[in-house]
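A structural walkthrough
What follows is each chain in one-letter form.
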Amino acid sequence: MNVGMSLPPPASSSSSPFLMLILSSPSGAGKTTLTRMIQQRFPELRFSVSHTTRAPRSNEVDGVHYHFTDHESFREKVKGGSFLEWAEVHGNYYGTSMTEIIRAEQDPACSGIIFDIDFQGARQIRARIPDVVPIFILPPSMAELERRLRGRGSESEEAIARRFSGAKREIANYALFDYLVVNDQIDRAFETLSSIIVAERSRRSRRAGLAESLLRHDVIVPDGEATA
Ligand code: ADP
Ligand code: 5GP
């Protein structure tokens, strides 16, 4: 295991109404599918685009799915302290750049960010951003996980075997996550995820400003999705 060592300080205070979600799972459990569904229902949540040294898949676009990069530039970014977290996953390097969060926080149309990262990255972000919401997606069985990995048809046999053999190690780290969502039926898993998002938005730590505004001005000014 290879993880980032010298990381910058937290990007957000624990009382920020800005929602930060981590979505993790063993490869093939359905995280990408669920992330797409979340983006449709909650367009105000932005997807963090990671940097990776992995080669793009045929359907992937640079700057949209990942910032595809070579090993040297990745190392430079690590040395320069550009990453909030980074890790080696399935033989490739992946990292979340600090600018992803800063841009999202500065965008008035954006009320939160979703990180699709592995458990090593989740551990690093948890240590720096205490109010991050870490969610882990479980497959209903290991046999179904293998079927989904193969069914996706985007990797070589060797890459599939490597991802499948790492799955139990990832699942063994479930205690790093506050929520475990079983993706048996996609619609049910999506409804569970949506409920978590709606509930997390209502936490006192993210809503204290609304109560304070009521006390001071006798009215809560509707704030779009933030008050939904
Ligand atoms: P991940 O991003 O976790 O690696 P994907 O979202 O790419 O996983 O899903 C892997 C494959 O499994 C895809 O072909 C996807 O369409 C399929 N899949 C996802 N969720 C389900 C589900 N609940 N039932 C059946 N197939 C699913
Ligand atoms: P994939 O190659 O299938 O896109 O992703 C492989 C794994 O790397 C997934 O578990 C994904 O969540 C994880 N990953 C993607 N981006 C990052 C990142 O920026 N940091 C970390 N730690 N993991 C990432």
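By convention here, each chain's residues receive numbers from 1 onward along its written sequence. Key to labels: chains lettered from A, ligands numbered from 1, both in the order written. Per-residue local features are limited, in this predicted model, to residues with pLDDT of at least 70; the limit for side-chain atom pairs, both in listing and counting, is 80 or more; totals at the level of whole chains, interfaces and linings are taken over all residues. Just so you know, side-chain values use all the structure's heavy atoms and leave hydrogens and water out.

1. Points about the packing of aromatic side chains
Here is the rule we go by: Each Phe, Tyr or Trp ring, with Trp reduced to its six-membered ring, pairs with another whose centre is within 6.5 Å; inter-plane angles below 30 degrees give stacked pairs, above 60 give edge-to-face pairs, and intermediate values give tilted ones. Labels follow the DSSP assignment, with helices taken as runs of H or I lasting at least four residues and strands as runs of E lasting at least two, numbered in each case from the N terminus. We call a residue buried when its accessible area falls under 20% of the maximum for its residue type, exposed when it is over 50%, and partly exposed in between, using a 1.4 Å probe and counting protein chains only.
Under the criterion given, the structure shown has seven aromatic pairs. Centre to centre, the rings of Phe-74 and Trp-86 are 6.2 Å apart; their planes meet at 75 degrees, and the pair counts as edge-to-face. Here Phe-74, found in helix 2 (residues 71-79), pairs with Trp-86, found in strand 5 (residues 83-89); they are 12 residues apart in sequence, far enough to count as distant. Here Phe-74 matches Trp-86 in class, with each residue buried. An aromatic cluster is built from Phe-74, Phe-83, Trp-86 and Tyr-93, whose rings are joined through pairwise contacts.

2. What about the confidence of the model for the chain?
Quick note on the threshold: The pLDDT value tells you how sure the predictor is about a given residue, anywhere from 0 up to 100. The contact definition used throughout considers only heavy atoms, calling two residues in contact when any of these lie within 4.5 Å.
When pLDDT is averaged across the chain, the result is 90; 90% of the residues are at 70 or more. Low confidence marks residues 1-14, where pLDDT is under 50. Its contacts with residues over four positions away, or in another chain, come to 34 contacts. Considering only residues more than four positions removed or in separate chains, one finds that residues 224-228, a stretch of pLDDT under 50, has seven contacts.

3. Observations concerning the site of ligand 2
Short version of the rule: We call a residue near a molecule or strand as soon as one heavy atom of that residue lies within 4 Å of the molecule or strand. Any pair of nitrogen or oxygen atoms within 3.5 Å is treated as a polar contact; in protein, a donor-acceptor pairing is required on top of that, and neighbouring residues in sequence qualify only through side-chain atoms on both sides. Accessible surface is estimated by sampling points in the Shrake-Rupley manner with a 1.4 Å probe; for residues, cover comes only from the protein chains shown. Put simply, the grid is 1 Å and covers the protein atoms alone, a cavity is a trapped set of points that fit a 1.4 Å probe, a pocket is an open set with protein on both sides within 12 Å along at least five of seven lines, and lining residues have an atom within 4 Å of a point. If over half the atoms of a molecule are within 2 Å of the grid points of a cavity or pocket, the molecule is regarded as sitting in it. Residue type decides the class: Asp, Glu, Lys and Arg count as charged, Ala, Val, Leu, Ile, Met, Phe, Trp, Tyr, Cys and Pro as nonpolar, and the leftover types, Gly among them, as polar.
Neighbouring ligand 2 are 17 residues; Arg-54, Tyr-66, Glu-85, Tyr-94 and Asp-116 lie closest to it. Residue Ser-50 places a side-chain N or O atom 2.7 Å away from an oxygen atom belonging to ligand 2. At 2.7 Å from an oxygen atom of ligand 2 is found a side-chain nitrogen or oxygen belonging to Arg-163. Notes on ligand 2: free accessible area 510 Å², of which the protein chains cover 96%. With respect to the detected pockets, ligand 2 is housed in the largest pocket. Counted by class, the shell around ligand 2 contains five nonpolar, five polar and seven charged residues.

4. A few points about the site of ligand 1
Near ligand 1 there are 16 residues, and of these Gly-28, Thr-32, Thr-33, Arg-152 and Asn-183 occur at the shortest range. Side-chain polar atom of Arg-152 to an oxygen atom of ligand 1: 2.7 Å apart, as the coordinates give it. With respect to ligand 1, the backbone of Ile-186 contributes an N or O atom lying 3.3 Å from a nitrogen atom. Expressed as a share of its isolated accessible area of 570 Å², the protein-covered part of ligand 1 is 75%. The cavity that encloses ligand 1 is the largest pocket. Of all the secondary-structure elements, those providing two or more residues to the shell around ligand 1 are helix 1 (31-41) and helix 5 (142-152). Looking at side-chain class alone, the shell around ligand 1 contains three nonpolar, eight polar and five charged residues.

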